[in-house]
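One letter stands for each residue in the lines below.
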Amino acid sequence: QVQLVESGGGLVQPGGSLRLSCAASGNAFSLLALGWYRQAPGKQREWIASIRPSGHPEYADSMKDRFTISRNAAKSTVYLQMNSLRSEDTAVYYCNGQRNENNYWGQGTQVTVSS
């Protein structure tokens, strides 16, 4: 069993930056494909980025210019660096981990972009 715990959300002004973290419990971190999603009020959850166990990242086209995903195996943590934030980036951000048929989700962290 894998547990994912996000942190790093909060209130930021437009144009600002945040780095989200997601710590994974258990000893399967190196085998997990990890990703970030977000869900804004009244909208469906959308995929932002994923990073494979090899470290290869993939991004949604609309996200790749401002968001960067990375992983640190020593800390069993995946990160999402978010730059040039806009009001439309306001959402709950979720961490996801996948291994074989298993799919794990964190509880989410709120990001609010507002002046």
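For the structure, see preceding data.
Residues numbered from 1 in each chain as written. Predicted model: local features only at pLDDT ≥ 70, side-chain atom pairs only at ≥ 80, totals over all residues. Heavy atoms only, no water.

## What to know about the pattern of salt bridges
Overall, the coordinates contain 5 salt bridges when judged by the stated rule. We note a salt bridge from D89 to R38, for which the minimum N-O separation is 2.8 Å. In this pair, D89 is assigned in the loop between β8 (77-82) and β9 (91-99) and R38 in strand β4 (residues 33-39), connecting sequence segments 51 residues apart. Judged by its relative accessible area of 8%, R38 is buried. The salt bridge involving R66 is made with D89; its shortest N-O contact spans 2.8 Å. On the criterion of sequence distance, the pair formed by R66 in the loop between β6 (57-59) and β7 (67-72) and D89 in the loop between β8 and β9 is long-range, its members being 23 residues apart. Here the two residues R66 and D89 agree in accessibility, since each one is buried. One network of salt bridges, in which partners are shared, links R38, E46, R66 and D89. (Salt bridge = Lys/Arg side-chain N within 4 Å of Asp/Glu carboxyl O. Helix = DSSP H or I, 4+ residues; strand = E, 2+ residues; numbered from the N terminus. Buried < 20%, exposed > 50% of the residue type's maximum accessible area, 1.4 Å probe, protein only.)

## Overview of the side chain of E6
Residue placement: E6 occurs in strand β1 (residues 4-7). Put simply, E6 is tucked away with no salt bridge, and the nearest opposite charge, on R45, sits 7.5 Å away. Looking at E6, its side chain comes within polar contact range of the main-chain nitrogen of Q107, at 3.0 Å. The residues contacting E6, other than those within four sequence positions of it, are S21, C22, W36, Y93, Y94, C95, G106, Q107, G108 and T109. (Lys, Arg positive; Asp, Glu negative; His and termini not counted. Polar contact = N/O pair within 3.5 Å; in protein donor to acceptor, adjacent residues only side chain to side chain. Contact = heavy atoms within 4.5 Å.)

## Quick look at the sheet that holds strand β3 (residues 18-24)
Overall, antiparallel pairing links the 4 strands, which are arranged β1-β3-β8-β7 in an open sheet. Since the sheet does not close on itself, it has two edges, and those belong to β1 and β7, each with one partner. Averaged over all neighbouring strand pairs, the angle between strand axes comes to 15 degrees, with direction disregarded. (Pairing = 2+ DSSP bridges. Axes fitted to C-alpha atoms, helices over the stretch in contact; angles between N-to-C directions.)

## Some thoughts on the pairing of β8
Of all 6 residues that make up β8, 5 are buried, and the element is covered over most of its length. Relative to β8, β3 runs antiparallel, the two being bridged by 6 bridges. Bridging across to β8, R19 finds its partner in Q81. Bridging between β7 and β8 involves 6 bridges; their strand directions are antiparallel.

## Focus: the side chain of R66
R66 sits in the buried class, given a relative accessible area of 10%. If near-sequence neighbours (up to four positions away) are discounted, R66 is found in contact with Q81, M82, N83, S84, L85, R86 and D89.

## Considerations on the packing of aromatic side chains
Taken as a whole and judged by the stated rule, the model has 2 aromatic pairs. Between Y37 and W105 the ring centres are 5.0 Å apart and the planes differ by 65 degrees, which places this aromatic pair in the edge-to-face class. Taken together, the residues Y37 in strand β4 and W105 in strand β10 (residues 102-105) connect sequence positions 68 residues apart. Owing to a relative accessible area of 17%, Y37 belongs among the buried residues under this scheme. Centre to centre, the rings of Y94 and W105 are 6.5 Å apart; their planes meet at 85 degrees, and the pair counts as edge-to-face. Placement of the pair is Y94 in strand β9 and W105 in strand β10, with a sequence separation of 11 residues. When its relative accessible area of 15% is taken as the criterion, Y94 is described as buried. One aromatic cluster is present, built from ring pairs that chain together Y37, Y94 and W105. (Phe/Tyr/Trp six-rings, centres within 6.5 Å; stacked < 30°, edge-to-face > 60°.)

Keep in mind that these numbers describe shape and distance, not what the molecule does.
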